[in-house]
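Listed below are the residues making up each chain.
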Amino acid sequence: MPEPPAGRTLAQRYRRSAEADARTSPLHGRVAAALVGAEMALAALATLPARGRHPAVVLAALHDLALAGRAPALAAAYATGDGEAAAAAAVETLVGSADAVAALVARRQPRTDGTGRCAVLYPAVAEVARRVGADAVGLVDVDCAAGSGLLVDRVGVTYGDGPVLGDPSSPVQLSASVVGTRAVPARAVPAVVARVGVDRAPLDVTDGDDARWLRACLPPDRPERRARLDAEMALVAADPPVLVRGEAADVLPDALARVPADALPVVTTTWALSRLSPADRLHFVHRLEEAAAARPVAWVSAEGVGVAPAVPTLGDRPASGHSILGVAVADGSGLHAAAVGRCWSRGRLLSWLVGS
């Protein structure tokens, strides 16, 4: 989690969060404002580990305690949507259960795991498999959280006015608007024979504490997001992925070894490389190339302009507000990368750039 800019006080950070949250979650906005409006709560925040004072993780920790039955007054306020009661209960919980909050923020981080990124992954995985001529793929998702990004073929995705790709009967249905002159190809993803998640701290949806934390990271007044998360977790739990703990570059060989020899390993990174330094991004790509000495390895990326090494930027400016969708194949002779699309709003808007 990035540190805040120097000079921004704790109170300023929470006021900014309150203003931002109020637009999408009035309850979270009211609670964030209350935490810095009460002197004892502000003092309790200051005692938390430095990296655990971020509003997102503290709000999730308080929500986690409510969901676990350890903050009944806060749980009741969240259930009724009473902002004033939630504000008072949140302050009381933070002050009275400071040790419990500290324990959570010390080992947890905000996770917004979800299948939304599958909308950009689906056509790109199908495209890279076509380029290699693969009949089966094994997905290896970097920064997988709980593994929802590995459900590419198990959700339904509608692109503009086009057909539903993936599973039209899935309980999780996504949509993406399409801009530009090219339609998203109606090419199916090959059989997925392995699902491997890589993360520094992966979450297991079959573990009650991990599942509760995922729910706690959602605003309490967005029931539609909770319903979708529950559907996603049910899909993951029905066929749990293999979870590999560690930094991606370090554990990549182990993760790739979980893919059967007769399937194409497809490594996916969706806004995962931005947390790495430029040198570490290059190291990650070098590990991909090393792994390709034994067999071809594909890489699908949705990253900010210029973030994914070797993926063309199409002349776009870094930090331009959109991402480049890239496909690459390492086959022992180097890494061969191409840009196949642009996307905005984490995949809600997609522009496909190459022919079928």
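Per chain, the residues get numbers from 1 upward, laid out in the order the sequence is written. In keeping with the model being predicted, local features are shown solely for residues with a pLDDT of at least 70 and side-chain atom pairs are shown and tallied solely at 80 or more, while totals for entire chains, interfaces and linings include all residues. As a convention, hydrogens and water are excluded, and side-chain values are obtained from all of the structure's heavy atoms.

With that out of the way, let us pick up the pattern of salt bridges. Salt bridges are identified by distance alone: a Lys or Arg side-chain nitrogen within 4 Å of an Asp or Glu carboxyl oxygen. Scanning the model with the defined rule gives 20 salt bridges in all. Between aspartate 230 and arginine 215 there is a salt bridge, with its nearest N and O atoms 2.8 Å apart. Taken as a pair, aspartate 230 in helix H10 (residues 223-238) and arginine 215 in helix H9 (residues 208-216) lie far apart in primary sequence, 15 residues in all. Residue exposure (1.4 Å probe, protein chains only): buried if accessible area is under 20% of the type maximum, exposed if over 50%, otherwise partly exposed. With a relative accessible area of 24%, arginine 215 lands in the partly exposed category. Linking arginine 228 and glutamate 232 is a salt bridge whose minimum nitrogen-to-oxygen distance equals 3.0 Å. The helix and strand labels rest on DSSP assignments: H or I over at least four residues marks a helix, E over at least two residues marks a strand, and numbering proceeds from the N terminus.

Definition of nonpolar core: a set of buried residues of the types Ala, Val, Leu, Ile, Met, Phe, Trp, Tyr and Cys, connected through side-chain atoms within 4.5 Å. Formed by 91 residues in total, the largest nonpolar core has its most connected members in Leu35, Leu45, Val58, Leu74, Tyr159 and Val266. For this core, the element with the highest residue contribution is helix H8 (residues 118-132), accounting for ten residues. Should any heavy atoms of two residues lie within 4.5 Å, those residues are considered in contact. Apart from residues lying up to four places away in sequence, valine 266 is in contact with Val125, Val128, Val137, Gly138, Leu139, Val140, Ala298 and Val300. Among the nonpolar cores identified, the runner-up in size contains 33 residues, and Val259, Trp299, Ala308 and Ile324 belong to it.

Ordered by their spatial adjacency, eleven strands build an open sheet running S3-S2-S4-S11-S10-S9-S8-S7-S1-S5-S6, and the pairing between neighbours is mixed. Across the chains shown, the open sheet's two edge strands, defined by having one partner strand only, are strand S3 (164-166) and strand S6 (242-245). With strand direction ignored, the average angle separating the axes of adjacent strands in the sheet is 30 degrees. Here, any two strands with at least 2 DSSP bridges between them count as paired. Note: strand S4 (residues 173-178) against strand S11 (residues 349-352), two bridges, orientation parallel. Across the sheet, the residue bridging to serine 177 is leucine 349, located in S11. Across the face of the sheet, H8 comes into contact with strand S1 (136-142), strand S2 (156-159), S3, S4, strand S7 (264-270), strand S8 (297-304), strand S9 (323-330), strand S10 (335-344) and S11 while running at roughly 30 degrees to S9. To get an axis, a line is fitted to the C-alpha atoms, and for a helix only the part in contact is used. The angle between two axes follows their N-to-C directions and goes from 0 to 180 degrees.

As a further point, take the side chain of glutamate 127. As for its position among the elements, glutamate 127 is in helix H8. For glutamate 127, a relative accessible area of 0% puts it in the buried group. Think of a polar contact as two N or O atoms within 3.5 Å of one another; within protein, one of them needs to be a possible hydrogen donor and the other a possible acceptor, and neighboring residues in sequence only count if both atoms come from side chains. A distance of 2.8 Å separates the side chain of glutamate 127 from the side chain of arginine 130, its partner in a polar contact.

This brings us to the packing of helix H11 (residues 248-257) against helix H12 (residues 278-291). The N-to-C vectors of H11 and H12 enclose an angle of 25 degrees; their axes lie 9 Å apart at closest approach. Our classification of the angle between H11 and H12 gives roughly parallel. In terms of crossing hand, the pair formed by H11 and H12 is right-handed. Residue-level inspection shows Ala248, Ala249, Asp250, Leu252, Pro253 and Leu256 of H11 in contact with H12, the latter providing His283, Phe284, Arg287, Leu288 and Ala291. With respect to orientation, any angle under 35 degrees is reported as roughly parallel, any angle over 145 as roughly antiparallel, any angle of 65 to 115 as roughly perpendicular, and every other angle as oblique. It is the rotation of the near helix from the far one that decides the hand of a crossing: anticlockwise by less than a right angle makes it left-handed, clockwise makes it right-handed.

Every helix has an expected span of 1.5 Å times one less than the residues it contains. In a regular helix each residue adds 1.5 Å, so 16 residues correspond to 22 Å; H10 covers 23 Å between its end C-alpha atoms and thus fits that length. Three or more residues of H10 are buried, namely Leu229, Ala231, Glu232, Met233, Leu235 and Val236. On its buried face, H10 sits against H9.

The subject of this paragraph is the pairing of strand S5 (residues 191-199). Most of S5 sits inside the fold, with seven of its nine residues counted as buried. As paired strands, S5 and S6 are joined by four bridges and run parallel to one another. Bridge pairing in S6 places aspartate 199 opposite arginine 245.

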